[in-house]
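Fold and geometry: a report
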Amino acid sequence: EGSATARVIAVGDHTEIGQVAREATVLTGEKTPLNKQLDRLASFISKIGYTVAFLTFTIFTVHGLMEYVPKVDVWGSENYWHVFGMVLNNFMMAVTLIVMAVPEGLPMAVTLSLALNMRRMLKTNNLVRKMHACETMGAITVICTDKTGTLTQNRMTVSQMLMQDEDSALLDEAIACNTTAFLNESRTEGLGNPTEVALLLWMQGRGSDYMKVRQGAEEVARLPFSSERKYMATIVDSSVLGRKVVYVKGAPEIVLGLCRGLSEEQIAGYHVQLKDWQMHAQRTLLLAYKEVADTEDDCAALVQSGGLTLLGLAAISDPVRPEVPQAVENCLKAGVQIKVVTGDSTGTAVEIARQIGLWKEGDDEKKNCMRGVDFAALSDEEALQRIKDLKVMSRARPLDKQRLVKLLQTEGEVVAVTGDGTNDAPALNFAQVGLSMGSGTSVAKEASDITLLDDSFRSIVTAVMWGRSLYKNIQRFVMFQLTINFTALLVVLIGAFMGTTLPLTVTQMLWVNIIMDTFAALALASLPADPNVMNEKPRPVGQFIITRPIWTSILGYGTAFVVFLLAMLLRIEITGGMDVYDLTLFFTFFVLLQFWNLLNAKTYSTTDSAFKHLSRCAGVLTVLCLILGGQWLIVQFGGPVFRTVPLAARDWGILLAVSSLVLWVGEVGRLFKRLCRKKAE
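Residues numbered from 1 in each chain as written. Predicted model: local features only at pLDDT ≥ 70, side-chain atom pairs only at ≥ 80, totals over all residues. Heavy atoms only, no water.

**What to know about helix α26 (residues 661-680)**
The terminal C-alpha atoms of α26 lie 29 Å apart, and with 20 residues this matches the ideal 28 Å at 1.5 Å per residue to within 8%. All of the buried residues in α26 are V662, L663, G666, E667 and R670. Mapping the buried residues of α26 onto a view down its axis gives an arc of 125°, with all of them on the same face. Relative to its buried face, α26 has exposed residues pointing more than 90 degrees away, namely V665, V668, F672, L675 and K679. Contacts made by the buried residues of α26 are with α22 (548-574), α23 (580-602) and α25 (649-659). (Helix = DSSP H or I, 4+ residues; strand = E, 2+ residues; numbered from the N terminus. Expected span 1.5 Å × (residues − 1). Buried < 20%, exposed > 50% of the residue type's maximum accessible area, 1.4 Å probe, protein only. Arc of directions from axis to C-beta. Contact = heavy atoms within 4.5 Å.)

Rendered as structure tokens:
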């Protein structure tokens, strides 16, 4: 923005931008919450799988040797190969059990869910740049948001202008010349600093052509605005006064003290007016000038020497986005803290926080608000105590935001940060989720995980909903898959102790693994987002992905399945031994139990009926058809490869009816919960 003359005193990493760039590209090594959960799950499942596989291999091998060895002379004869074959078959079965125990469809389910969410989130103005951010947004506990553009409309407008002199020619020249901004040809939009653009638009609205005024005054020297000085100054050959003039524009609390000719009453009145504007979330500027000698061209010295003449006081407002208060309310209801981190004054920042519903009646500026310089002066221990109640950080600098993020993370918080400038890049990089603005710089976008195309806070809340729904879908898959694994492993293990024929062959178990692992991943990953997840609190950071309700479901349904299947095996054994027909019935019944249980998994964490919105769940319906159709093909045409024989239509009807009890029991349970909830309400 604007123009400058520079002297190079450092290059590369030694520059200020170099330091920012270095912090923006540091590999934080911070694992996402989902990755931590999946690591724990993989370790847990592998231990269970290896244990069951070892026990099954040992029991079947010992059982086979006890039956065969006493009857024949094994060593030194062809019977040796029979024993070797038996051991090899048992080993293959053990390996298959390990394959079944490990839900290898889980990585696919996670990746598929993330990819689908990326597409869906794009429709809600969330451009996901890094896939893991889809789910991590659902785990965030704190949002550190900037103000301009995210909470406000980023449309600066001069709402009030107090002019010291009714002759506004000098004021027009001060606005037109002491700036680096421009307007477009239609004079409706600007290029440059939004505050300066607002002044130019105000001037144009009064019928003055800023470009003609600017061209009529030759620029001599300029002192650009800085956060340390808090003012900007430009020396020009004024066409209004016919001599050199220095125009000054900056923070009223700084520039007002450099003005002359004002009584104490006037100064007090201006301070009251300025405070009132700031308390209504308006940015304030003071414009002044001073005539200077022809030989003088040191802007800083001229301003610091004082003797300025006040031209006017401006109040510039940036209205809150109309959708933000409701979005903030939804966020707070969902248990996510919000901290506004801005470079604006304390009064402006607090008023914006009040307008969006973050700053409540009982909040105190000493407790819930802090300036960046005061935050930087605190030790880490002191800062950790203050940030617990912090809601607003005003006059914040880039590294203040980065330090705030790091401190929150040490407290176990999952942090999302918004930013649009190059200086925001370090904080965007260190946060678990960095959210850049669509109108922001390319450096900020590169450091971020998600880009908000509409720059709106509402899109952040939408991303939280998608992230939480995604995690629920992954939990649904884990619950469904582990129920199958629990059932299959326990049936085979108990069958080994009972000494029955292996109830499920290697090929049958692999088929079950394919349809219930891969297909189920497709079905549950495609479930739409549920707005009700925003009524819940963020999940505890260390909470295992298998929660108590999931354990209850796995053990409850799994035990019931095992009892039914073992009872079926015993009945077959008692009534004359197992033939291929009986084992085909057993295999099909096992698959159909999981077929119906897929609908139960769809309703995890809700009390809704499994049939609610089923027509909108095309993925689930498609997978159900694939499972049923695939099982029919294998049973009817699998033959010796799958150890099956064709079943009659009557057999299929009975198996479907009996196995459907799984769904109806679940429906009754959910109906009971709905009735209890309504009664409680």
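Back to the text.
**Thoughts on the side chain of S168**
Structurally, S168 is set in the loop between β3 (157-163) and α6 (169-177). According to the relative accessible area criterion, S168 is buried, its value standing at 13%. Discounting chain neighbours no more than four positions away, the residues touching S168 are M163 and R206.

**Points about the environment of M163**
Tracing the backbone through its elements, the reader meets M163 in strand β3. Considered as a pair, M163 and S442 are 279 residues apart in the sequence and their alpha carbons are 40 Å apart. Those residues in contact with M163 that lie beyond four places of it in its chain are S168, L171, W202, R206, L311 and G312.

**A short note on the state of the cysteines**
Per the counting criterion, the structure on display carries zero disulfides. Between C134, a free cysteine, and C331, which holds the nearest cysteine sulfur, the sulfur-to-sulfur gap is 17 Å. Between C625, a free cysteine, and C617, which holds the nearest cysteine sulfur, the sulfur-to-sulfur gap is 13 Å. Classification of C625 by relative accessible area gives exposed; the value is 57%. (Disulfide = S-S within 2.5 Å.)

**Observations concerning a nonpolar patch on the surface**
A contiguous nonpolar patch, built from F611, I654, V658, L661, W664 and V665 and spanning about 550 Å² of accessible area, is present on the exposed surface. Counting only elements with at least two residues in the nonpolar patch, the list comes to α25 and α26. Here the nonpolar patch gets three residues from one element, more than from any other, and that element is α26. With respect to the helices and strands, the residue V665 is situated in helix α26. Judged by its relative accessible area of 56%, V665 falls in the exposed class. (Patch = residues over 30% accessible without salt bridge, like charges linked within 9 Å, V, L, I, M, F, W, Y side chains within 5 Å. Areas by Shrake-Rupley, 256 points an atom, 1.4 Å probe, with all protein chains shown as cover. Salt bridge = Lys/Arg side-chain N within 4 Å of Asp/Glu carboxyl O.)

**Description of the pattern of salt bridges**
The full count for this structure, using the stated rule, is 21 salt bridges. The closest approach of N and O atoms between R129 and E446, which form a salt bridge, is 3.3 Å. Here the residue R129 occupies a position in the loop between β1 (126-128) and α5 (133-136), and E446 occupies one in helix α19 (residues 442-447), the gap between them amounting to 317 residues. Overall, E446 belongs to the exposed group, its relative accessible area being 56%. Across the salt bridge formed by D344 and R283, the nearest N and O atoms sit 2.7 Å from each other. Remark: R283 occurs in strand β9 (residues 282-291) and D344 occurs in the loop between β11 (337-341) and α13 (346-355); sequence separation between them is 61 residues. On the basis of relative accessibility, which here comes to 25%, the residue R283 falls in the partly exposed class. Each of the salt bridges in this network shares a partner with another, and the network as a whole consists of K147, R283 and D344.

**Quick notes on the packing of helix α16 (residues 380-387) against helix α17 (residues 398-410)**
Each pair of packed helices gets described by two things: the angle between the helix axes and the distance between those axes. Closest axis-to-axis distance for the α16/α17 pair is 10 Å, and the angle between their directions is 80°. Of the possible angle classes, the one that applies to α16 and α17 is roughly perpendicular. Contact with α16, carried on its side by D380, A383, L384 and I387, involves R403, L404, L407, L408 and T410 of α17 and no other residues of that element. Looking at side-chain class alone, the contact of α16 with α17 contains six nonpolar, one polar and two charged residues. (Axes fitted to C-alpha atoms, helices over the stretch in contact; angles between N-to-C directions. Parallel < 35°, antiparallel > 145°, perpendicular 65-115°, else oblique. Nonpolar A, V, L, I, M, F, W, Y, C, P; charged D, E, K, R; others polar.)

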